[in-house]
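# A structural walkthrough
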Amino acid sequence: MATPRFLTLDDVAETLNVSWSQAYALVRRKELIAIQIGGRGQWRVERDELERFIAQKYAEARGTTPPPLESARTEVAQTAD
């Protein structure tokens, strides 16, 4: 089965180990870019955007600039192994 391109806020919250409301707050503050599907709060976050967000937070913690997205995907994949 292929990896889905878009994640729900529940998926994002699980990945980041935070509550749904904390994931939604990241979207509201535009720290995490998401799209709204329909008018009933159906938010979707592209997997690449979540990886970019995570890489950016690691870069902030290190006091450096975030790596390009492709490098971020590679770094996250290597740490997952």
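These notes cover the structure that comes with them.

Rules and cut-offs
Residues numbered from 1 in each chain as written. Predicted model: local features only at pLDDT ≥ 70, side-chain atom pairs only at ≥ 80, totals over all residues. Heavy atoms only, no water. Patch = residues over 30% accessible without salt bridge, like charges linked within 9 Å, V, L, I, M, F, W, Y side chains within 5 Å. Areas by Shrake-Rupley, 256 points an atom, 1.4 Å probe, with all protein chains shown as cover. Salt bridge = Lys/Arg side-chain N within 4 Å of Asp/Glu carboxyl O. Helix = DSSP H or I, 4+ residues; strand = E, 2+ residues; numbered from the N terminus.

The next point concerns a nonpolar patch on the surface. Together, F6, I35 and I37 make up a nonpolar patch on the protein surface, roughly 240 Å² of accessible area in all. In this fold, F6 is placed in strand β1 (residues 6-8).

Attention shifts here to unusual backbone geometry. The phi dihedral of N17 falls on the positive side, at around 60°, and the residue is not glycine. Here N17 lies in the loop between α1 (9-16) and α2 (20-28). Of note in this structure, K30 is not a glycine but carries a positive phi near 60°. Secondary-structure assignment places K30 in the loop between α2 and β2 (35-37).

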